[in-house]
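One letter stands for each residue in the lines below.
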Amino acid sequence: MSVERIRKAILDEARAEADRIAHEARLRYQERLDEARRNIQEEFDRRWKTAQRDAEREASSALMQKRSEHNMALLRRRNAILDELFQQAARRLVQSPDEGYRELVRGWMRDIPPHVAGQVLCNGQDGQRLGPLVDSLNRSRGPEAQLRLVPGDRPSLGGVIFQTDKFEIDLSLDARLARLREELAPQVADILLRDQTGV
């Protein structure tokens, strides 16, 4: 075999080896490039999902905040309307004719024990109005169970508070309206909110 042929065979073999090495390098490069693309895509997907969850959480939180603010505004409005309704009711009762008002308070005073003496507290405006009622009740009570009308600053709206050394019975318009408001608030709220929402 001639030198030229040997040289050509060596060069051909070297070229083939170089082509094989280059091909393997391209394959490894392509594999690394594909892996890098996959990693980048996975990282992008992970960040995208995290951003979506964060955005959904923020939107949900903002929606809950707005809903809460709306409900609080409705509650404030409902309470303001309830306050006005009960204030109107109190004004009507207090402004009713003396005889009708006395009969109303007389009904409430049936809760006063008939054998116990005590003070009947009323506000300054009711002092004269309720005097005849207390006088009338005292005529039917024993000397040890007399009532003494004491005008003052409570109860503020009207009615009376029966007071002894040992106990007190709140027969005031203030207490009755507060209990009534508590009892009726859910029903009135349903009516008011139904009007607000159109349901």
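Thresholds applied
Residues numbered from 1 in each chain as written. Predicted model: local features only at pLDDT ≥ 70, side-chain atom pairs only at ≥ 80, totals over all residues. Heavy atoms only, no water. Salt bridge = Lys/Arg side-chain N within 4 Å of Asp/Glu carboxyl O. Helix = DSSP H or I, 4+ residues; strand = E, 2+ residues; numbered from the N terminus. Buried < 20%, exposed > 50% of the residue type's maximum accessible area, 1.4 Å probe, protein only. Pairing = 2+ DSSP bridges.

(A) Structural detail: the pattern of salt bridges. Throughout the structure, instances matching the rule amount to twelve salt bridges. Across the pair K66 and E69 runs a salt bridge whose closest N-O atoms are separated by 3.8 Å. Of this pair, K66 and E69 both sit in helix 1 (residues 3-94), separated by three residues, roughly a single helical turn. Residue classification places K66 among the exposed residues on the basis of a relative accessible area of 56%. Between R129 and D98 there is a salt bridge; the shortest N-O distance is 2.8 Å. Within this pair, whereas R129 is found in helix 3 (residues 126-139), its partner D98 is found in helix 2 (residues 98-108), the two being separated by 31 residues in sequence. The class of D98 is partly exposed, set by a relative accessible area of 38%. Taken together, the shared-partner salt bridges connect R20, E24 and R28 into one network.

(B) Here's a closer look at the pairing of strand 4 (residues 168-172). With five bridges joining them, strand 3 (residues 159-163) and strand 4 adopt antiparallel strand pairing. Bridged to Q163 within strand 4 is E168. Remark: four residues form the turn of the hairpin made by strand 3 and strand 4, two consecutive strands paired antiparallel.

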